[in-house]
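Residues per chain, in single letters:
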Amino acid sequence: MTTVKVAPASLDPWPALERVRSAAPLVQNITNYVVMNSTANALLAVGASPAMVHAVDEVEEFVAISRALVVNIGTLSPRWVEAMRLAAARAAAAGIPWVLDPVGAGATSYRTQTAAELVGMRPAVIRGNASEIMVVAGAVGVSGKGVDSAHSTRDALAPARALAARTGALVAMTGVVDYVTDGTRAVSIANGHPMMARVTGLGCTATALVGAFLGANHDDRFTAAVSALAVLGIAGEIAAEQSPGPGSLQVHLLDALYRMDRATVTQRAHIAEAA
Amino acid sequence: MTTVKVAPASLDPWPALERVRSAAPLVQNITNYVVMNSTANALLAVGASPAMVHAVDEVEEFVAISRALVVNIGTLSPRWVEAMRLAAARAAAAGIPWVLDPVGAGATSYRTQTAAELVGMRPAVIRGNASEIMVVAGAVGVSGKGVDSAHSTRDALAPARALAARTGALVAMTGVVDYVTDGTRAVSIANGHPMMARVTGLGCTATALVGAFLGANHDDRFTAAVSALAVLGIAGEIAAEQSPGPGSLQVHLLDALYRMDRATVTQRAHIAEAA
Amino acid sequence: MTTVKVAPASLDPWPALERVRSAAPLVQNITNYVVMNSTANALLAVGASPAMVHAVDEVEEFVAISRALVVNIGTLSPRWVEAMRLAAARAAAAGIPWVLDPVGAGATSYRTQTAAELVGMRPAVIRGNASEIMVVAGAVGVSGKGVDSAHSTRDALAPARALAARTGALVAMTGVVDYVTDGTRAVSIANGHPMMARVTGLGCTATALVGAFLGANHDDRFTAAVSALAVLGIAGEIAAEQSPGPGSLQVHLLDALYRMDRATVTQRAHIAEAA
């Protein structure tokens, strides 16, 4: 893989970010308890309008007024999985893009099976770490590291491509280097900082931001997904430079998302076509 | 509306805040997953003693030892609504003031109906944004913006007054300008900062602080509600002045609540009788 | 009690912390909604790998891959208590150490009974404040302060010893002075700062860190528990010195956990044998 600093012009994250800020898309989240607060704050910082709505009694009605849906299985239970099914089906039927985050797929049978079922419900994007993507792609069976990845994204690129080709979803895989693939094309994003792994839920934040970018960029999902990961990675870099530790990083990350300007995006984005 | 800087002496927030700090009222919260952590921290910062207790098996017993109850429907589901009913009924019967936050009323039928039911259970205060208050007051049917407001508080003042008159609750409505009304009298609080809208759950924090102020000021609910909104708005102003973005604002807001002194309250409070 | 600055060499927290960082133990948490985010971040900052997994459908399978289990009843409900039972039984059977946090025991019958049942399921450590430990030990009946303590840890030391002797668990009790006892021996840890009480969930964080230290130090549970409390207390002191209020303290605490070095631990630890 050759990472060049200047992105292909068609993948410039800036116009996609501007659209998020001007449209302020309503993004519905059925997500886990751990990250509800932090992902809502990231969505607000980037300019979207988050709502955390997961009751079986109302998810379908809420999907209908949303511009994107995020489904994250981080703290799943049967009643929540039912709500995820209802919301995903409604979104797919209505042409509202939805993003799946198969948190911890491979750690327990329940997660692996739930992830497999949801993968079949036409998500626009599947966002996970390397181990989760490999499990969902069927390339490995179980993962012994809980919700953290035991593999590199480079190793998981072939399974990611196969998963995209099989499902029709984009696969957005995050790690030291992030990748987005539609099965044929693959693009790498080499932004971010190692200290980000010490803040809980930044993978879930990536998923939420993909939702926001999809919600404001219905016409080009590939660029939306790439842009979301690049903007988060850049914000993480800026935050890490200011932070003695992960507590500060989390605070500065939100500030950086809020203040992100065109020059910063242009200078820092490391986006490249991947072999 | 004429906003004068010097509040009517009877509405000075300082004595009400001092009572919160000296009494450290136990405030029970049945609230949403997104804000449990942040509202608990705001309650601690202002000097109250928060507890998040929502199991059907224990809410009534816990209400009996609390000085105030907060009921927030942000992430409602049937079992939680059952707990809200039990707790609200017990609080109303025991004369323990309780605050209702009808989060997202108007966004789905389930929320609108649940809010309507709880409004009828004698809350001491109903705290919402303009759209939520208008929906609960029956002035508009649905709101298409999810949990964010599509209306200004000024537009919603007449419906807020009608709601207060019909229910006997105070209505505390927050936005660019906040209002508290008992149906006849209305007071405006012109504090706060636009960046506060980029931090999730500050509306819910307003509700929680109203609970704390009610819990320590049973004898004057109107002043308690006004004081809570003024103190939060002032803390938000101070925090925004120190913050490059919403991540920092959330941190500094808690510090400002903790450090709030009489001079700051006196100099910054913008409280006025509203026409 | 004589507090001497130099700890008994066998209780030096540094080697135990180093083992957490090198082993990065997977710690499963069945904990409350309020603190899921903050305790996950504390576990990451100290070097552990947290997972919040509580569904009845998967807890037992997940325990089997974990190095320690944390069970915290802060926001309990029947389905969650069922998951706690399953996970605790599996952990005890497999020799995986588990920590019980009986949050709010004494505040409601439901909490008191649930805590009593779990105490009987062979936890390695019971971590609570003075009132919770006294209730669980049977020394007092009810506590009228919600989830905050109405007693000092010094007053609760005898009940704590009796509880440890009866159950075979270590009792780790936190307050102005912390204690760890196995029923016979008792050690005091005089670190920490009063402002820590204004941040929600730092007691729960103590419990989570005890889990992490147990997970990486299976061979010496007593030193593990003492070390966890000392490291948290020291981090709290450092954070308080940098913080105008509790918002900043929470941020700096995570930074301090992440940056903790041998010299800081050696200079600041106040650990002593207690009479």
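Just so you know, these numbers come straight off a predicted model, no measurement behind them.

**Digging into the overall build of chain A**
Here's step 1: From N to C terminus, chain A includes eleven helices and nine strands.
Here's step 2: At 17 Å, chain A has a C-alpha radius of gyration in line with the 19 Å of a compact globule built from 275 residues.
Here's step 3: For chain A, long-range pairs separated by at least 24 residues make up 73% of all intrachain contacts whose partners lie at least 6 apart in sequence.
Here's step 4: Accessible surface, chain A: about 8,600 Å² in total, of which carbon and sulfur atoms supply 52%.
Here's step 5: When the 20 positive and 21 negative side-chain charges of chain A are each reduced to one mean point, those points stand 3 Å apart.

**Section: the pairing of strand β7 (residues 178-181) of chain C**
Residue and element names in this part refer to chain C.
Here's step 1: The side-chain alternation of β7 yields two buried faces, one formed by Asp 178 and Val 180 and the other by Tyr 179 and Thr 181.
Here's step 2: Sheet topology places strand β6 (residues 170-174) next to β7; three bridges connect them, and they run antiparallel. Among the inter-strand pairings, Ala 172 is bridged to a residue of β7, identified as Val 180.
Here's step 3: Turn length for the β6-β7 hairpin, with the two strands adjacent in sequence and antiparallel, is three residues.
Here's step 4: Two elements, β7 and strand β8 (residues 186-189), share four bridges in a ladder whose sense is antiparallel. Bridge pairing links Val 180 to Val 187 in β8.
Here's step 5: The hairpin turn running from β7 into β8, its antiparallel successor, is four residues long, and Gly 183 in that turn takes a positive phi close to 110 degrees.

**A closer look at the interface of chain A and chain C**
Here's step 1: Counting residues at the interface gives 31 residues for chain A, matched by 26 residues for chain C.
Here's step 2: Summed over both sides, the interface of chain A with chain C buries roughly 2,300 Å², with 58% coming from carbon and sulfur.
Here's step 3: When the buried surface of chain A facing chain C is broken down by residue, Tyr 33, Val 34 and Arg 198 of chain A rank first, second and third, together holding 24% of it.
Here's step 4: Of the charged contacts, one joins Glu 58 of chain C and Arg 111 of chain A as a salt bridge, the two residues approaching to 2.8 Å between their closest N and O atoms.
Here's step 5: Our count for the chain A to chain C interface comes out at eleven residue pairs in polar contact (both at pLDDT 80 or more).
Here's step 6: Going through the elements one at a time, α5 (109-119) and α10 (246-259) of chain A are the ones with two or more residues in the side of chain A that touches chain C.
Here's step 7: Per-element accounting of the side of chain A that touches chain C gives the leading share, five residues, to α10 of chain A.
Here's step 8: Looking at side-chain class alone, the side of chain A that touches chain C contains 14 nonpolar, 13 polar and four charged residues.

**Points about the environment of Asn 129 of chain A**
Residues and elements named next belong to chain A.
Here's step 1: Secondary-structure assignment places Asn 129 in strand β5 (residues 125-129).
Here's step 2: For the pair Asn 129 and Asp 101, spaced 28 residues apart in sequence, the C-alpha separation works out to 9.2 Å.
Here's step 3: A polar side-chain atom of Asn 129 sits 3.1 Å from the main-chain amide nitrogen of Ser 131.
Here's step 4: Among the polar contacts made by the side chain of Asn 129, one reaches the main-chain amide nitrogen of Glu 132 at a distance of 2.9 Å.

**A closer look at the nonpolar core**
Here's step 1: In terms of nonpolar packing, the biggest core is built from 156 residues, with Trp 98 of chain A, Trp 98 of chain B together with Trp 98 of chain C touching the most fellow members.
Here's step 2: Trp 98 of chain B has contacts with Leu 69, Val 71, Ala 88, Ala 91, Ala 92, Leu 118, Met 121, Arg 122, Pro 123, Ala 124 and Val 125 of chain B, leaving out every residue within four places of it along the chain.

Definitions and limits used
Residues numbered from 1 in each chain as written. Chains lettered and ligands numbered in written order. Predicted model: local features only at pLDDT ≥ 70, side-chain atom pairs only at ≥ 80, totals over all residues. Heavy atoms only, no water. Helix = DSSP H or I, 4+ residues; strand = E, 2+ residues; numbered from the N terminus. Rg over C-alpha atoms; globule rule 2.2 N^0.38 Å. Contact = heavy atoms within 4.5 Å. Areas by Shrake-Rupley, 256 points an atom, 1.4 Å probe, with all protein chains shown as cover. Lys, Arg positive; Asp, Glu negative; His and termini not counted. Charge placed at Lys NZ, Arg CZ, Asp CG, Glu CD. Buried < 20%, exposed > 50% of the residue type's maximum accessible area, 1.4 Å probe, protein only. Pairing = 2+ DSSP bridges. Buried area = accessible area lost by both parts, 1.4 Å probe. Salt bridge = Lys/Arg side-chain N within 4 Å of Asp/Glu carboxyl O. Polar contact = N/O pair within 3.5 Å; in protein donor to acceptor, adjacent residues only side chain to side chain. Nonpolar A, V, L, I, M, F, W, Y, C, P; charged D, E, K, R; others polar. Core = buried A, V, L, I, M, F, W, Y, C linked by side-chain atoms within 4.5 Å.

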